[in-house]
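The primary structure of each chain is shown beneath.
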Amino acid sequence: MISGKTRIAGIFASPVSHSLSPLMHNTAFQARSIDAIYLAFTVDQTNLKQAVESIRTFNMLGVNLSMPNKIAVIPYLDELSQEAQLIGAVNTIVHRDNRLIGYNTDGMGFMRSVNEAGIAIKDKKVTMLGAGGAAKAIVVQAALDQAKEIVIYKRKNATFENVASTFQKIAEQTGCHITIKDYADTEQLKKDLEDTDLLINGTDMGMGEKKEMVPIDPQLLHPKIAVFDLIYSPRETRFLKEAKAQGCLTRNGLGMLLYQGAIAFELWTGQTMPIEKIQPLLDSKE
């Protein structure tokens, strides 16, 4: 029931109608008997400043942010968390004591899904395929969580040197050994995979028109590698099927989606999200 005391949370994105966040958070608010409601708002860079101001105006709990607002929102915030500063992007705003604090729960959510699978990232070697926004968030969080080494494979195009420079700064700020290498160097990739503990597909190979593509030759895999794909539709990409056939532990991107939302919920309410109620809802949405 909506009352005179009902608080608002929501998501600012464009497009936004496909978002699963309202389903997740409204289910969680109800399960925890929290007098709040979560709504989806179409917000892009033409109305982002006014939308952010409304968080204070309407005393909202906070909001999630998706494309195209994760970077553009930063000038409108009062404070950034450590991981948001390093990533240079925000996906969650918390309204606390009339201050707007930006967090990035993507990497934290991914790492919680890794922990849930029984993998402790500390002192482990991580190999990341791709260097987009989600990949960057995960690399930063893996570094903060004391991974031993992180190797990123990216296509050697016009952005390669700038991306390499960005990750070098992250390495210096976190004290983690991070290197970026040419995606086309299959011999080097083969060597890196020999002692990799966690391999992550951060590319779009496996979804949409690239549904039948795999990011690397599955024959390079071995059972000691845990293979995670950030894609969650389809639930099991061809790459994950091939990895499972090689004896690897595999997970899709649904855990990251679930736990990044759970961490945002905790930041807003101080309570845990009832994962056992949310997980079946996400599983039913292909």
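Residues numbered from 1 in each chain as written. Predicted model: local features only at pLDDT ≥ 70, side-chain atom pairs only at ≥ 80, totals over all residues. Heavy atoms only, no water.

A. A look at the sheet that holds strand E10 (residues 198–201). One open sheet holds the six strands; their spatial order is E9-E8-E7-E10-E11-E12, and the pairing between them is parallel. At either end of the open sheet lies a strand with only one pairing partner, and these are strand E9 (177–182) and strand E12 (249–251). For this sheet, the mean inter-axis angle between neighbouring strands, taken without regard to orientation, is 15°. Taken together, the four bridges between E10 and strand E11 (residues 226–229) define a ladder with parallel strand orientation. In the strand pairing of E11, Ile-200 is matched with Phe-228. Across the sheet, helix H5 (residues 133–144) lies against strand E7 (125–129), strand E8 (149–154), E9 and E10, angled at about 165° from E8, the strand it touches most. Where helix H6 (residues 160–174) meets the sheet, its contacts fall on E8 and E9, and the angle it forms with E9 comes to roughly 165°. (Pairing = 2+ DSSP bridges. Helix = DSSP H or I, 4+ residues; strand = E, 2+ residues; numbered from the N terminus. Axes fitted to C-alpha atoms, helices over the stretch in contact; angles between N-to-C directions. Contact = heavy atoms within 4.5 Å.)

B. Representation of the pairing of E7 within the structure. E7 sits mainly inside the fold: five of its five residues count as buried. A two-sided burial pattern is seen for E7, the buried positions comprising Lys-125, Thr-127 and Leu-129 on one face and Val-126 and Met-128 on the other. Where E7 meets E8, five bridges bridge the pair, whose relative direction is parallel. Bridge pairing in E8 links Val-126 to Ile-150. In this fold, E7 hands off to H5, which returns the chain to E8; that crossover is right-handed. Where E7 and E10 come together, four bridges link them in parallel fashion. Opposite Thr-127, over in E10, you have Leu-199 as the bridge partner. (Buried < 20%, exposed > 50% of the residue type's maximum accessible area, 1.4 Å probe, protein only. Right-handed = clockwise from strand over helix to strand, strands pointing away.)

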